[in-house]
Amino acid sequence: MSDRLRRAVEERRDELVALTRDLVRFPTVNPPGDAYGPCAEFIARHLARSGFETRLIVAEGEPGHTDRYPRVNVVARREGRHPGRTVHFNSHIDVVEAGHGWTVDPFEGVVKDGRVYGRGTCDMKGGLATSIVAADAFIEVCPDFPGAIEISGTVDEESGGYAGVGYLARKGLFSRPRVDHVIIPEPLNKDRICLGHRGVWWAEIETRGRIAHGSMPFLGDCAVRHMGAVLEAFERDLFPALAARRTQMPVVPEGARASTLNINAIHGGQTDDFTGLPSPNVPDRCAMTIDRRFLLEEKLEEVKKEVTDILDALVRDRPKFAYAIRDVMEVLPTMTDRDAPVVRAVAEAIEAEFGRAPDYVISPGTYDQKHIARIGHLHDCIAYGPGILDLAHQPDEWIGIDDMVQSAHVMAGAIDALLTGAAEPA
């Protein structure tokens, strides 16, 4: 079976490259969510030719969904000849903006030097194409397979995944008994298994003041200065404490094994969406968005309390200091057990392909596994796919063709193990 699967994958090398290029040519930029519908429809047509039953699922009412920018997901299922388990490959179809600094057209899918270049090649349309080719190869070699294979292309992962995997999970599409094993082809390198991710808490802190004429600031109360006091306290008391913490989770890169806090944005005073000169006002509001990444060893309530304790101390010690805080997003850390069936199946396939055991890693940032675990209560889930994570969101993003082919070997081998009985159910 192994040799036959390898040949079936190798015979599809050109198809894999062409499919990757086709997917890249849909400029599914998020925000705002361009070309989601056409891209999902293309995937559905492609999979229907391989015998998959396909559904387009629109996340009406979810953040970002509008008539102009509909949130369109595609879910495809190929039933086997006999009852059995289901393995699901989930990839997001949205990409970030191209940005500047490209030497090739970011939405052409240029092929050169053994690579496919373009926005989303690495993150993660190359992984989506790889999973489709792996599934097709397996179905050709093992047409009488038991169970089912599912492939989905979902939206908005780059902005949290709430209209994509989050929406589908709430509809029961990522729960047992429908699905048993999930592989998310994020670009974590072809010989690594990503078991999960750190936790995240996004919040907006607002400091308040009193408006007055800028020539008489003593008659007002500057909210921006109050926010400066928050930043000073963070620098003095919070950042050093976070940097000193270390996790036992195998997070990559090394710097992410500590707790981190990013100041994502600060807005205070007049906006810059005008031409001409500003008017002389003391700002009465300043808002800061924070991005706190926390570890499996930390509790969310303690993570929040560290911040509110600093703010409450400023209320006591700083004249006229007042604040409000609003939760924006919170996700707990997740880490799949190394003995889980999907982990064992992919690990064995990696060892067969590369002659060595895989590295087990944790992602520094969250991805759609959070919804599958939290909403779907399905924990037999990992991220595995071709591509180098450091290339994601960069100009001249690319994915290696050989890397995709090797990852397709691994994915096809994992499907074989999970559906034909080599990997026992949890």
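The structure we're discussing is the one just above.
These lines cover the structure that appears in this document, whether it is placed above or below.

## As for unusual backbone geometry
Point 1. Asn-30 connects to Pro-31 through a cis peptide bond whose omega is -5°.
Point 2. Inspection of the secondary structure puts Pro-31 in the loop between helix 2 (13-24) and helix 3 (36-48).
Point 3. A cis amide bond links Asp-123 with the next residue in sequence, Met-124, at an omega value of -5°.
Point 4. Note on placement: Met-124 falls in helix 4 (residues 121-141).
Point 5. One non-glycine residue, Ala-35, lies in the positive phi region at around 60°.
Point 6. Mapped onto the elements, Ala-35 comes out in the loop between helix 2 and helix 3.
Point 7. A positive phi angle, near 55°, is found at Asp-396, a position not held by glycine.
Point 8. Examined against the element boundaries, Asp-396 turns out to sit in the loop between strand 15 (381-383) and strand 16 (398-400).

## Let's talk about the packing of helix 1 (residues 2-10) against helix 10 (residues 401-420)
Point 1. Here helix 1 crosses helix 10 at 135°, and the two axes come no closer than 9 Å. The angle between helix 1 and helix 10 places the two elements in the oblique class. Along this stretch, helix 1 crosses helix 10, giving a crossing that reads as right-handed. On the side of helix 1, the interface is formed by Leu-5, Arg-6, Val-9 and Glu-10, while helix 10 contributes Val-405, Ala-408, His-409, Ala-412, Gly-413 and Asp-416.

Criteria and thresholds
The residue numbering used here restarts from 1 in each chain and proceeds along that chain's sequence as written. Predicted model: local features are reported for residues with pLDDT of at least 70 only, side-chain atom pairs are reported and counted for 80 or more only, and whole-chain, interface and lining totals are derived from all residues. As a convention, hydrogens and water are excluded, and side-chain values are obtained from all of the structure's heavy atoms. Working definition: helices are DSSP H or I runs of at least four residues, strands are E runs of at least two. Numbering for both runs from the N terminus. Structural elements are reduced to axes, namely lines fitted to C-alpha atoms, with helices fitted over the stretch in contact, and the angle between N-to-C directions of any two is expressed from 0 to 180 degrees. Angular relationships are summarised with four words: roughly parallel below 35 degrees, roughly antiparallel beyond 145, roughly perpendicular across 65 to 115, and oblique for the angles in between. Each crossing is labelled by how the near helix is turned from the far one, with a counterclockwise turn of less than a right angle marking it left-handed and a clockwise turn marking it right-handed. Here a residue-residue contact requires only that any non-hydrogen atoms of the pair lie within 4.5 Å.

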